[in-house]
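Architecture at a glance
Chain by chain, the residues run as shown.
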Amino acid sequence: MAEIHHELKVRASRDRIFQTLTDGVALERWHGAKVTGNKREWRLEYPDGTVFRWQVIQSGPGRVTWRCVEGPGQAVGKEASFTLTDAGNSRTLVEFAHAGWPGTSGNYRKCNTRWAILLHQLQHEAETAV
């Protein structure tokens, strides 16, 4: 199975990034989608009508993991995880993995690009939101 991996250092605490990953209002801002749900399941509806529903299967200060239970194409069953570790100088290392892909063609490539964009939007949200 193939996985998408990204990492970036964010000038924010682990607690701040955890909040950015678990608060519906923050999720809405960095995803650019209408977000409904709660700490156990999120539904994200994008302006183009695409819908993803993520079940939260792990949620703690060092790691958040979601499993896709609704979405287009090959999305269902994939897991997205965010691992948060202190990186010094008031920064946090965010390691992202999107697992369960049968290969690296088609939607894998689109999702790889989309997650890179979303992670930079998460970084902006965590570093600038009050």
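In the block above lies the structure referred to throughout.
In this report, the structure presented in the accompanying data block is examined.

Our focus in this paragraph is the overall build of the protein. Scanning the protein from terminus to terminus reveals three helices and seven strands. Each helix (α) and strand (β) of the protein, taken in turn from the N terminus, gives the series β-α-α-β-β-β-β-β-β-α. In terms of overall size, the protein behaves like a compact globule, its C-alpha atoms giving a radius of gyration of 14 Å where 130 residues would be expected to give roughly 14 Å. Here the protein holds 130 residues, and the buried ones make up 39% of them. In the structure as shown, the protein presents an accessible area of about 6900 Å², 48% of it carried by carbon and sulfur atoms. Of the charged side chains in the protein, 17 are positive and 14 negative, and the gap between their average positions amounts to 1 Å.

The subject of this paragraph is the pattern of salt bridges. On inspection of all chains with the given rule, the structure shows seven salt bridges. Between R16 and E125 there is a salt bridge, and its shortest N-O distance comes to 3.8 Å. Residue R16 is located in helix α1 (residues 14–22), and its partner E125 is located in helix α3 (residues 107–128); the two are separated by 109 residues in the primary sequence. Residue classification places R16 among the buried residues on the basis of a relative accessible area of 15%. Among the salt bridges present, the one from E45 reaches R43, with a minimum N-O distance of 3.1 Å.

Below, the discussion takes up the packing of helix α2 (residues 24–31) against α3. For the pair α2 and α3, the least separation of the axes is 8 Å and the interaxial angle reads 125°. One element, α2, and the other, α3, form an angle in the oblique class. The interaxial crossing formed by α2 with α3 has right-handed handedness. Here A26, R29, W30 and H31 of α2 lie close against α3, whose contacting residues are R114, W115, L118, Q121, L122 and E125. Here the residues of the contact of α2 with α3 are counted per class, giving five nonpolar, two polar and three charged.

With that out of the way, let us pick up α2. Turning to α2, its buried residues are G24, A26, L27, W30 and H31. Projected down its long axis, α2 shows its buried positions confined to an angular sector of 160°, all on one face. Its side-chain oxygen 3.2 Å from the backbone nitrogen of V25, D23 forms the N-cap of α2. G32 lies just past α2 and shows a positive phi near 65°.

Our next topic: the pairing of strand β2 (residues 34–38). Bridge count between β2 and strand β3 (residues 41–45): five bridges; the pairing is antiparallel. By the bridge assignment for β3, T36 is matched with R43. From the end of β2 to the start of β3, which pair antiparallel, there are two residues.

Conventions adopted
Residues numbered from 1 in each chain as written. Predicted model: local features only at pLDDT ≥ 70, side-chain atom pairs only at ≥ 80, totals over all residues. Heavy atoms only, no water. Helix = DSSP H or I, 4+ residues; strand = E, 2+ residues; numbered from the N terminus. Rg over C-alpha atoms; globule rule 2.2 N^0.38 Å. Buried < 20%, exposed > 50% of the residue type's maximum accessible area, 1.4 Å probe, protein only. Areas by Shrake-Rupley, 256 points an atom, 1.4 Å probe, with all protein chains shown as cover. Lys, Arg positive; Asp, Glu negative; His and termini not counted. Charge placed at Lys NZ, Arg CZ, Asp CG, Glu CD. Salt bridge = Lys/Arg side-chain N within 4 Å of Asp/Glu carboxyl O. Axes fitted to C-alpha atoms, helices over the stretch in contact; angles between N-to-C directions. Parallel < 35°, antiparallel > 145°, perpendicular 65-115°, else oblique. Left-handed = near helix turned anticlockwise from the far one by under 90°. Contact = heavy atoms within 4.5 Å. Nonpolar A, V, L, I, M, F, W, Y, C, P; charged D, E, K, R; others polar. Arc of directions from axis to C-beta. Polar contact = N/O pair within 3.5 Å; in protein donor to acceptor, adjacent residues only side chain to side chain. Pairing = 2+ DSSP bridges.

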